[in-house]
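Listed here are the chains, written in short residue letters.
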Amino acid sequence: MLVFVAVTIISFGVYLATYLGAFKGVQISEVQQGPFKTIFIEHVGPYHKVNKVIERVEKFMKEKGVTCQRTFGEYLDDPRQVEEARLRSKVGCIIDAMPAGAPEEMKEGEIPARSYVQAVFTGSPGIGPLKVYPRVEAYLLEKKLEQTGAAVEIYEIHSITEKAAMTTTYLFPVKAK
């Protein structure tokens with residue numbers, strides 16, 4: 001009986017890791033990206049709780065007849081240095097034009113054109129930071145690059161029917177040391 005329980009737990013763990021993308025690779029490159037026009041809400045608090053805020057922006061855009069093909073989070077603070085309750089971020093949608101009648105809490109912004117280290121991950125955004133950020137930090141050290149601004153995560157859903165059909169593109173603004 002104990003062996004059955006152990007095998008079941010291990011099997012579930014492997015299934016969950018596979019489903020979330022733990023075995024998927026991270027593609028890292030240096031790119032010129034931007035500018036990206038955005039509509040966003042400023043969020044203060046744990047980064048893992050921004051999804052509800054993104055959904056508010058998506059709902060507003062849908063009411064205006066515009067689909068958010070790409071949502072984003074711009075994460076302004078390092079969670080290793082700032083208390084979780086004080087973490088600041090800007091989250092919302094990448095847009096072509098700001099729709100009229102946006103609520104006061106929704107602001108128009110721009111992610112500027114510049115040099116970035118880009119990391120592309122097709123697994124769950126929930127485990128992305130555990131896989132992506134350490135690899136990017138190693139890449140920055142290896143290439144002697146310095147991060148010069150906030151990390152940006154761009155979320156793109158390719159198919160609503162396929163749960164794994166999502167890509168997260170991480171952008172880290174950089175300059176040579």
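Note that this is a predicted model, so its numbers are computed, not measured.

Caption draft 1: How the structure looks around the packing of aromatic side chains. Using the criterion set out here, one finds three aromatic pairs in the structure. The interplanar angle of 85° and the centroid separation of 5.8 Å between the aromatic rings of Tyr-133 and Tyr-170 together place this pair among those described as edge-to-face. Separated by 37 residues along the polypeptide, Tyr-133 in helix H3 (residues 128-143) and Tyr-170 in strand E9 (residues 166-176) bring together distant segments of the chain. A relative accessible area of 22% places Tyr-133 in the partly exposed class. By relative accessible area, Tyr-170 is classed as buried at 0%. Taken together, a centroid distance of 5.2 Å and an interplanar angle of 85° make the contact between Tyr-133 and Phe-172 edge-to-face. Taken together, the positions of Tyr-133 in helix H3 and Phe-172 in strand E9 put the pair 39 residues apart, joining distant regions of the chain.

Caption draft 2: Up close: the pattern of salt bridges. One pass over the structure, following the stated rule, counts seven salt bridges. The partner of Lys-107 in a salt bridge is Glu-42, with the nearest N and O atoms 3.0 Å apart. Within this pair, whereas Lys-107 is found in strand E5 (residues 106-111), its partner Glu-42 is found in strand E2 (residues 36-44), the two being separated by 65 residues in sequence. The exposure class assigned to Lys-107 is partly exposed, which follows from its relative accessible area of 33%. Residue Glu-42 is classed as partly exposed on the basis of its relative accessible area of 47%. Note that Arg-88 and Asp-77 form a salt bridge whose closest N and O atoms lie 2.8 Å from each other.

The rules behind each value
- Residues numbered from 1 in each chain as written.
- Predicted model: local features only at pLDDT ≥ 70, side-chain atom pairs only at ≥ 80, totals over all residues.
- Heavy atoms only, no water.
- Phe/Tyr/Trp six-rings, centres within 6.5 Å; stacked < 30°, edge-to-face > 60°.
- Helix = DSSP H or I, 4+ residues; strand = E, 2+ residues; numbered from the N terminus.
- Buried < 20%, exposed > 50% of the residue type's maximum accessible area, 1.4 Å probe, protein only.
- Salt bridge = Lys/Arg side-chain N within 4 Å of Asp/Glu carboxyl O.

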